[in-house]
Each structure stands twice: as C-alpha cells, then as structure tokens.
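# A structural walkthrough
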Amino acid sequence: MTRSRNRKLHKNQRNTIKRGARSGSVARLSVPVASALLACMQATYAADAGNAVGALQEIVVTAQKRTENMQNVPISLQAIDTRQLERLHVSNFDDYVKYLPSVSFQSAGPSFEHTYMRGVASGGDGNHSGSLPSVGMYLDEQPVTTIDGNLNVHIYDIARVESLSGPQGTLYGASSEAGTIRIITNKPDAKKFAAGYDLDVNSVSHGGVGYTGEGYVNLPLAANAAVRLVGWDEKDAGYIDNVHSVIQFPGPNGTTIPFDNAAQVRNHYNDVETRGGRAALRVELNDTWTVTPTVMGQTQTTNGNFAYNPQLGDLQIAHFLPDTVHDSWVQSALTVEGRLNDFDITYAGAYLTRNTHELSDYTDYTLAYDVYYGFNGYGTYFRDNAGNPINPAQQIIGRDHYTKTSNELRISTPKENRARLTAGLFMERQVHNILQDYLVNNGDPLASTGSYDISVPGWPGSIWLTDQQRVDRDQAAFAEFSYDITPKLTGTLGARYYTYDNTLQGFYGFSANYSSHEGVATCFNPNVPWNDAPCEDLNGRSTGSGMTPKVNLTYKIAPEKMVYATFSKGFRPGGVNRNGGGSLPPYKPDYLTNYEVGWKTQWDDNRLRWNGAIFWDKWKDFQFSYLGPNALTIIANAGQAQIKGIETDAEFRATEQLTLSGGFSYLDAKLTQEYCSKAKPTTLCDVSNEQYAPSGEQLPVTPKFKGNLTARYTFPIGSLDAHLQGSAVYVGPRWADLRLLARNLLGQEPSYTLADFAFGVAKDSWHAELYVNNAFDKRAVLDRYSECDVATCGSVAIYNVPNQPRTVGVKFGQSF
C-alpha cells in the first residue's frame, strides 16, 4: 500500500500545521491611481510654490556591508526606517512585507513564512526535506534563514528593514538567489540615556481583543560602553471559528464510524501570544575597535488554524483534533569591528537555536487518502487488538529542533578611496532534527483483522513516522572591487566562490506490515535502530561548488542623480530526494541570471526621491516540489523560466505638512519550457499528467502587479502636534500552484484591495493614536490550498487564507 505522507501546505508539501497569514492594510493602486497621485503632486507643488519646504530625511543603509547613503548604493534597494516603521504600525513580517512591492510570500502562520522576490517562485518550497529558500533573511550581520520558514522577528526598536531585490550572490550567498531582507536593530549608545514604552489595545471584527506592550532602555555604563534592553508581550486576537461538524468514516460491512468535533468547537480560536526580548552590549575598546555581543529570543504560542472553508461560511472551519504550535528561538551573536592600517575589519558570528512543537489535525488526509485506498481498508486494517474497528482520524505530533552556526570575516578599504575593496570568508552550518509522528485515534494500537500489528515498531498507534536529521553546510570566499574610472563613472566587479555539502538521513515511512514501498520494508538493516526510529532507510548526500559573478557600471548624472547597469547571478544549492527505494537522484542547484538597469534620483532640493529598476531574469533548472508517483515529495529541476519586470518607489514632501510615498512592481514571470508533458514521460513525471505545466504559464504565488501608497498630513491642534494618515496596498490576482491540473481545481486567487487609516496627537514626550486597519473589512484571499495534494484532498475541502478582518485600536507611548 502506497500513500502520501506529505500534506500539501501552501503547495509546499510541508508536514506541519497549516497556518494563515495575518494581514494589515491594503488598497488598490493602478495606472489611474498613479495618474491621480502625479496630479496631486503637481497641484500640491504649485500651491506650495515659493514656500520653503524641508528636504526628505537621508536614509543610511549597510546593504553593501559598509555604511552609505541609500541613494549612493547602485542596487535595487528599499529601506523602511524607524520613523516609517512606527508610522505604518509595523510589528511583524506580514506588516512590513506589504510595503515591499517586489516581495510576496506564502504563510504557514506566524514564524512559518516562505518569502519570494521578483516572482522567483515555483510554489513548491517549504517542505522540511526539500529546497532551501531563495530569499535570504538577516538579523543585523547574521543570517537567520531557516529551511522550514523565516523567524517572525517582532519589529520594535528596529533601525530599519532593508529589502535588496535581485541576486545578491556576491556578498550574501546561497539563500539570496532572488534577494535579501535585512532587519537592522538599534544599537547601544554610550552618549546618552534613553527609554520608552508603547501600549496598544485593539478589537478585531468577527473576533476578539488583542493587546501589545513594548519597551526599551538604553543605559550608558561608562564613557565607552552601553547596554540596550528591549522587551515585548503581544496577544493577537483570533477571528476564525471552529464550528461543529460530524463526519462518518466507512466501517466494515457497510457500517460507519462517527467522529464528532464538539470538544474542539470554539469561536475566535486562532489567537497568538508572543513574548520576547533583546539585550545588546556595546563596548568601544579604543578609538578603532568595538565589540557588540547580542542575545535575542522569542516564544510564540499559536492556537487554531488561520484558514477557513468557504463551504461552511465566512471565517469558519471544522477541525476535529487540536491545532497548536509552540515556537521558541534564541540567537546569540557577536560583532567585532575595527581598523588595521587602512582596512576596516569586521567579524560577525552567531548561533541560533530553535524548537517547535506542533499538533496538527490531519482528518482531511484520512478522509481523502485512506478512504480512497479502500473503504473496507478500515474494516481490514484499522482495528484495535480486540478486532474492533476504530476511528482512523490522524493527528500529527511534530517536534523540530534547529541549530544554525554562521561565521563571517571580511575586510574593506575606506569608501572614500578611488579604488575600493570588500572581501571575506564565510561559513555556515545548519542542522534540522525532524520528528513527526502520525498518530491514529490518539494512540490506540493498530492491527489488521486483529492478527498483526501495523504500527511503526516501537511507536504504538503511529501509522507513519519521520525521524530525520538534515544538515546543510556551505562555505564561501567573496570579493567585490569598485573603481572610480572618472569622477562620474564607477565600475564594480564581484565574485563569490562557494561549496556546499548537504545531507539527509534517518527514517521515514510505515511498518513493514503496512507498506513495502516506504519505511521498515526498505531499511538498510531492519534490526539496527536509528535514533528513536526502528531503523534507517535514508542516507543521502548532495555536494557541489561554483562561482557567482557580478558586474556593475554606475554613472552619476548629477550629485543627486545616478543610473546603473548590473549583470549578476545567484544560486540555490542542490539536495537529497527521499525516494522510497533509491530510484531518484539528488536534485541539482538552480540559478538566476539577472540583467538590470536602475536609477537613484532626488529632485527639487531633495523634496522628491524616486528610485527604480528594470530587469530581465532567467531562472535555470528551477527546483519544484510535488507529490510524485511514489507518493512522496519529489524535488525536480523543472526547467526554465524568465521574469521581466519593473520595480519603483518614491517619496515626496509636498509641503511641510503633507508627505506622499509609495511604490509598485510589475512582473511578467512565466515558464519558457513546458514541464512534465504526457507525451514525454520521465522518471520524475507521472504518466497521469498531474504534474504538467505548459510553456508560457504564469509562475505561481506572485501577482503581476503589486503597489502601495501612503499619505501623511501633520497639523497643530492647540498645543498638540496632530496627524492624519492613510495607507493602501493593491495585490493583483495570483495562482497558488504551478501545475495546470492543480490550478483548475484551486482556481485563481482574486486581486484584493484594503486600506488603513490613523489619527494621532503628540506632545513633548508622549504620543497617542487611533487607527483602523482594513477599514472596509474586505476579505482577501492570501492563499488557497488543500491539506494534501489537491487532486485527492481537494475532494474533501479547499481552504482560503484570509487577511485579518477590520481592526480598530488605540496606541499610547512615551519616550524619555
């Protein structure tokens, strides 16, 4: 008997709980809106002619691993600084990503987001045994990208969020094939004492009440040392109702086995509690050397499911077993900065440990696969030892432990030099210990007609067990050299030589009494245990090396206007296929080649900042995960794709009171080679044509158009400083899956339009604000999925992941 053990999670076949995304505000931005924005700018400028208006604030970034004005950095880069993060009420990943036009994501809920940039998405990433991410995530100098989803770092006391679009393979490496997102924290400052706190209480329509408490203190310890302490406690209200339902499983001789979810019924059951803190010490050893150790940690408990079943009603789902996730992580980091002669020296090292414990209802899978593989199978196989039929519903108990160690040492010459060099060495090792227990009927023993046991040996009641260790190792040497050919023209050459060594070993599968395809029946030695599993049936390795180049020419038209052209390349390492007997080879690396022209400009005495890029990317041999003919997740190199697009953002200080900002991206991302044609069957392509995707098809997950617009107006009310603000984001229609059959079953995810508004006042050290997110209570479809492969589980239920309903809140804070 062969069955899938890779539940379809956002098309990623990730064996864990399905959790949806929380979303703030979004409103339509299209060509008419852009025209209206331009007209508004022109009218406001005319009305303000002759009045002195201050310049926009300079944004300083470290995207090229040196401190620079963002306008002098010749890459497609968007930065949201402290001021904007506070104004836009950004507190987590979902909040800031909506203001980054080139970024899209699929969410398995808080702490399990999968991020994509520039349309480089196949819809098949995220499985614990599958491909590495294509977008790198950094916390300060250290990478925090994990195989199974990003860390959902709470955004408070953050200096800025930097989004670097396109391949960053020279300075950032393997998991920055399509781009990099960097979260930069505020550092301790020995010059002055500072402290503050912020409080928030909010009510969610169709849901409950949430709150947030945050605070920080910057404490000088001496003339050369300071410590900065930050803490937060957040409760996100639920808004999904788990409603009453009874299902009937087929039993022997035409009987049924009822399953009632009355014990799990609860309104607003997808609430989240998040607590965490950060402590950083900064010591200036002398005039040239500084040491900054940092420890940051967070715990998050997520209840329920963030999707709903439209067949049951708006924001309603019927799950039968508990759904919870407890996620905790701690990162310890050390940054040492100094100077030797004319070289700036930086060492950045970190150790990240993360633990997740999950309970997931797998009833849909039971209804779909187990019933599909033989109604009387429950009469034949699923009995207790007394021979009585039992409830076959399954629950996943998952325990995952991650560790990640990274070290980087680099040197840089002064940025004022005509010839500039940044070079370094990098190593990273990440380990993922995976334990997932698929338990039937809360641990009742299983037997076939009462005659022999079909539980995984040593795991009573477990129909399937995954007990694996995945280790991903990469090392690199990199260099980037820039030379001012003339005072206006600069050339840059960069290269990164890399090696990777990835292994996956352990046990996955059934008892030999239940299946001859996966598990004990295919173990190398069935009598030798592996870890907590009965034996080992998986031991694979994938290695490789190569180089990613970069060539850039930058021309300064004027001191505040720059254009550039870039050729760059990014890559993602290959890995090991779990293959139920060893017939499938490891999957190969995939590569993204980028051709890009861009501009960085400031106008009208720096009142208007307008940046952008036009690009053409070729994605070669891209990795795609799906449930294949052996009923396990297969990672295949699917073929070729290309992405043509434009991304741009602008900020305009129209008057001293009115500031406008926004951005958009337009992407034409499509296959340029058909995948898994029925006329050309291969080892990796099912002859049923389930995996087929035609040439010219739009790549999944990413919309063709995404845009945002924010307007902020400040004015006095007596002795108070007041403001009004409106923010909007539009996201176009998307597909959830690459494959044609799955698309037809799931349907296209429609475009959505949402909006936020805020009114606030401030005086001296305090500030207060009333805000409304998703003001018109629109119901967006952020994603659509079934619990396992849609061709099978789609017959049970297809779920929509909504944005958060209208949220009304009040904030109050003080700084000292």
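Residues numbered from 1 in each chain as written. Predicted model: local features only at pLDDT ≥ 70, side-chain atom pairs only at ≥ 80, totals over all residues. Heavy atoms only, no water.

## Some points on the overall build of the protein
- Helix and strand counts for the protein come out as seven helices and 41 strands.
- Counting every position in the protein, which comprises 816 residues, the buried fraction comes to 62%.
- Entry remark: accessible area of the protein is about 28800 Å², with carbon and sulfur atoms responsible for 57%. (Helix = DSSP H or I, 4+ residues; strand = E, 2+ residues; numbered from the N terminus. Buried < 20%, exposed > 50% of the residue type's maximum accessible area, 1.4 Å probe, protein only. Areas by Shrake-Rupley, 256 points an atom, 1.4 Å probe, with all protein chains shown as cover.)

## A word on the pairing of strand S21 (residues 394-412)
- As judged from the 18 bridges shared by strand S20 (residues 343-361) and S21, these two strands associate in the antiparallel manner. Pairing of Tyr347 across the sheet is with Leu409, part of S21.
- Where S21 and strand S22 (residues 419-440) come together, 19 bridges link them in antiparallel fashion. Each bridged residue has a counterpart across the sheet, and for Ile396 the counterpart in S22 is Tyr438.
- In textbook terms, the turn of a hairpin is the stretch between consecutive antiparallel strands, and for S21 and S22 this stretch comprises six residues. (Pairing = 2+ DSSP bridges.)

## Re the sheet that holds strand S7 (residues 142-143)
- On the basis of which strands lie adjacent, the open sheet formed by five strands has the order S3-S8-S9-S6-S7 and mixed pairing. Single-partner strands in this sheet number two, and they are strand S3 (77-81) and S7.
- Pairing between S3 and strand S8 (residues 158-165): five bridges, direction antiparallel. Across the sheet, residue Asp81 finds its bridge partner in S8, namely Arg160.

## Section: the side chain of Lys404
- As for its position among the elements, Lys404 is in strand S21.
- According to the relative accessible area criterion, Lys404 is buried, its value standing at 4%.
- Only 2.8 Å separates the side chain of Lys404 from the backbone oxygen of Thr145, close enough to count as a polar contact.
- In this structure the side chain of Lys404 is engaged in a polar contact, spanning 3.4 Å, whose partner is the side chain of Gln430.
- Every residue in contact with Lys404, bar those within four places of it in the chain, is listed here: Pro143, Val144, Thr145, Ala350, Tyr351, Leu352, Glu428, Arg429 and Gln430. (Polar contact = N/O pair within 3.5 Å; in protein donor to acceptor, adjacent residues only side chain to side chain. Contact = heavy atoms within 4.5 Å.)

## Some thoughts on the environment of Pro802
- Mapped onto the secondary structure, Pro802 falls in strand S40 (residues 799-802).
- The buried category is assigned to Pro802, whose relative accessible area is 0%.
- For the pair Pro802 and Ala307, spaced 495 residues apart in sequence, the C-alpha separation works out to 6.6 Å.

## A closer look at the nonpolar core
- Judged by nonpolar contacts, the single largest core of 73 residues is most densely connected at Tyr96, Ile181, Phe622, Tyr675 and Leu699.
- If we ignore the near neighbours within four places in the chain, the residues touching Ile181 are Tyr96, Val103, Thr115, Met117, Val135, Gly136, Met137, Tyr138, Val161 and Glu162. (Core = buried A, V, L, I, M, F, W, Y, C linked by side-chain atoms within 4.5 Å.)

## What about a nonpolar patch on the surface?
- Together, Val201, Val209, Tyr211, Leu770, Val808 and Val810 line one region of the surface with nonpolar side chains, adding up to about 500 Å² of accessible area.
- The partly exposed category is assigned to Tyr211, whose relative accessible area is 36%. (Patch = residues over 30% accessible without salt bridge, like charges linked within 9 Å, V, L, I, M, F, W, Y side chains within 5 Å. Salt bridge = Lys/Arg side-chain N within 4 Å of Asp/Glu carboxyl O.)

## So, the state of the cysteines
- A complete count under the given rule lists one disulfide for this structure.
- Sulfur-sulfur distance for the disulfide between Cys523 and Cys535 comes to 2.0 Å. Across the S-S bond of Cys523 and Cys535 the torsion is about 70°, and the bridge reads as right-handed. Of this pair, Cys523 sits in the loop between strand S26 (489-509) and strand S27 (538-558) while Cys535 is found in the loop between S26 and S27, placing the two residues 12 residues apart along the sequence. There is no split in this pair, since Cys523 and Cys535 are both buried. (Disulfide = S-S within 2.5 Å.)

## Details of unusual backbone geometry
- Of note in the backbone geometry, His268 takes a positive phi value of approximately 55° without being a glycine.
- Along the chain, the position of His268 falls in the loop between strand S15 (256-260) and strand S16 (272-284).
- Backbone geometry at Asp777 places phi at a positive 55°, although glycine is not the residue there.
- Looking at the secondary structure, you find Asp777 in the loop between strand S38 (766-773) and strand S39 (781-785).

## Thoughts on the pairing of strand S28 (residues 561-572)
- One ladder, built from eight bridges, connects S27 with S28; its direction is antiparallel. Directly across from Ala558, in S28, lies its bridge partner Lys561.
- Counting the residues between successive antiparallel strands, the hairpin from S27 to S28 contains two residues.
- Strand direction decides the pairing type here: S28 and strand S29 (residues 590-603), joined by 12 bridges, are antiparallel. Residue pairing in the sheet places Tyr564 in a bridge with Gly598 of S29.

## Some details on the confidence of the model for the protein
- Summarising the model, the protein shows a mean pLDDT of 86, and 86% of its residues fall at 70 or more.
- In this model, residues 1-51 is a region of pLDDT below 50 whose contacts with residues beyond four sequence positions or in other chains number 219 contacts.
- In the predicted structure, residues 374-379 sits below a pLDDT of 50 and forms 10 contacts with residues beyond four places in sequence or in another chain. (pLDDT = per-residue confidence, 0-100.)

## Quick word on the packing of aromatic side chains
- Counting across every chain of the model gives 27 aromatic pairs.
- Relative to Trp464, the ring of Tyr438 lies with its centre 6.5 Å away and its plane at 80°, an arrangement referred to as edge-to-face. Pair noted here: Tyr438 is in strand S22 and Trp464 is in strand S25 (residues 462-484), with a separation of 26 residues, a long-range link.
- Looking at Tyr438, the relative accessible area reads 0%, which means it is buried.
- Three or more aromatic residues link up through ring pairs in this structure, and these residues are Tyr362, Tyr365, Tyr438, Trp464, Tyr508, Phe510 and Tyr514. (Phe/Tyr/Trp six-rings, centres within 6.5 Å; stacked < 30°, edge-to-face > 60°.)

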